[in-house]
Amino acid sequence: MKITVINGVNMDMLGIREPEIYGRTTYADLCEYVRKECGLDGTELDFFQSNHEGAIVDRIHACHFDGTDGIVINPAAHTHYSYAIHDALKAVSVPAVEVHISDINSRESFRHGSVTAPACKAQICGKGLSGYVLAVGMIKSGRYEDIR
């Protein structure tokens, strides 16, 4: 099974940006953690991060053609306004789970809505880095539920 983990804007600043919200774990640490927790059974994990909306759209499109079985996506700030990412997720026949390290519903009001979640099978919020592991598990099992 191949799962692509896509992270959006500012996720490369994990460990530096607002550590009281996101913790001190770096982006490299996040990738290693997910790989260690989820790749032991032979699952192929491909990680992608970009601060550019179009690059994220391009990577989602590529998932349709490269044998990706599922997408774990943290669109970050794009969550709240990117209809382009929403449309890209809808365009491909690859199931996606949206993940947020923090609970976006308990933060500033502008973070409460997600325009990308309706294009996903489920949304996981506020579970820290383990949200990524939960999302991979959902894709592997084919059973999806929102977790907050």
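In case you missed it, the structure is sitting above this.
## Points about the overall build of the protein
- The number of helices and strands found in the protein is 5 helices and 5 strands.
- Written out in order from the N terminus, the α and β elements of the protein read β-α-α-β-α-β-α-β-β-α.
- Each principal axis of the C-alpha atoms in the protein carries an extent, and together these give about 35 × 30 × 25 Å.
- Taken over 148 residues, the protein has a buried fraction of 49%.
- Summarising the internal contacts of the protein: among those between residues at least 6 apart in sequence, 71% fall at separations of at least 24.
- Summing over all exposed atoms, the protein offers an accessible surface of approximately 6900 Å²; the carbon and sulfur share of this is 51%.

## Examining the packing of helix α2 (residues 27-38) against helix α5 (residues 130-141)
- Between α2 and α5, the least distance of the axes is 10 Å, while the angle of their chain directions is 40°. Relative to α5, the element α2 lies oblique. At the point where α2 passes α5, the crossing takes the right-handed sense. Counting all contacts with α2, which are made through L30, Y33, V34, E37 and C38, the residues of α5 involved are S130, Y132, V133, V136 and K140.
- Split by residue class, the contact of α2 with α5 holds 7 nonpolar, 1 polar and 2 charged.

## Notes on the pairing of strand β5 (residues 122-125)
- Residues A122 and I124 line one face of β5 and the alternating positions Q123 and C125 line the opposite face, and both faces are buried.
- The sheet contact formed by strand β4 (residues 96-100) and β5 spans 4 bridges and is parallel. The partner of V99 across the bridge, within β5, is I124.

## Focus on the sheet that holds strand β2 (residues 44-49)
- Taken in spatial order, the 5 strands line up as β2-β1-β3-β4-β5 in an open sheet, and their pairing is parallel. Every interior strand has two partners, whereas the edge strands, β2 and β5, have only one. Strand-to-strand, the axes of this sheet are offset by a mean angle of 20°, without reference to chain direction.
- As paired elements, strand β3 (residues 70-74) and β4 share 3 bridges and run parallel to each other. Across the sheet, residue V72 finds its bridge partner in β4, namely V97.

The rules behind the values
- All residue numbers here refer to positions counted from 1 along the written sequence of the relevant chain.
- Restriction of local features to residues with pLDDT of at least 70 applies here, the model being predicted, together with a cutoff of 80 or more for giving and counting side-chain atom pairs; totals for whole chains, interfaces and linings are based on all residues.
- With hydrogens and water stripped out, all remaining heavy atoms of the structure feed into the side-chain values.
- Every helix listed is a DSSP run of H or I at least four residues long, and every strand listed is a run of E at least two residues long, numbered separately from the N terminus.
- Only protein chains enter the accessibility calculation, which uses a 1.4 Å probe; a residue whose area is less than 20% of its type maximum is buried, one above 50% is exposed, and one in between is partly exposed.
- Here, two residues are considered to be in contact whenever any of their heavy atoms come within 4.5 Å of each other.
- To measure how exposed things are, a 1.4 Å probe is used in the Shrake-Rupley method; for residues, cover is taken only from the protein chains shown.
- Interaxial angles span 0 to 180 degrees and are taken between N-to-C directions of axes, which are lines fitted to C-alpha atoms, for helices over the stretch in contact.
- Under this scheme an angle from 65 to 115 degrees is roughly perpendicular, one under 35 degrees roughly parallel, and one over 145 degrees roughly antiparallel; angles in between are oblique.
- For any helix crossing, the convention is left-handed if the near helix is rotated counterclockwise from the far helix by under a right angle, and right-handed if that rotation is clockwise.
- As a working rule, the residues Ala, Val, Leu, Ile, Met, Phe, Trp, Tyr, Cys and Pro are called nonpolar, Asp, Glu, Lys and Arg charged, and the rest polar, with Gly in that last group.
- Only when DSSP finds a minimum of two bridges between them are two strands counted as paired.

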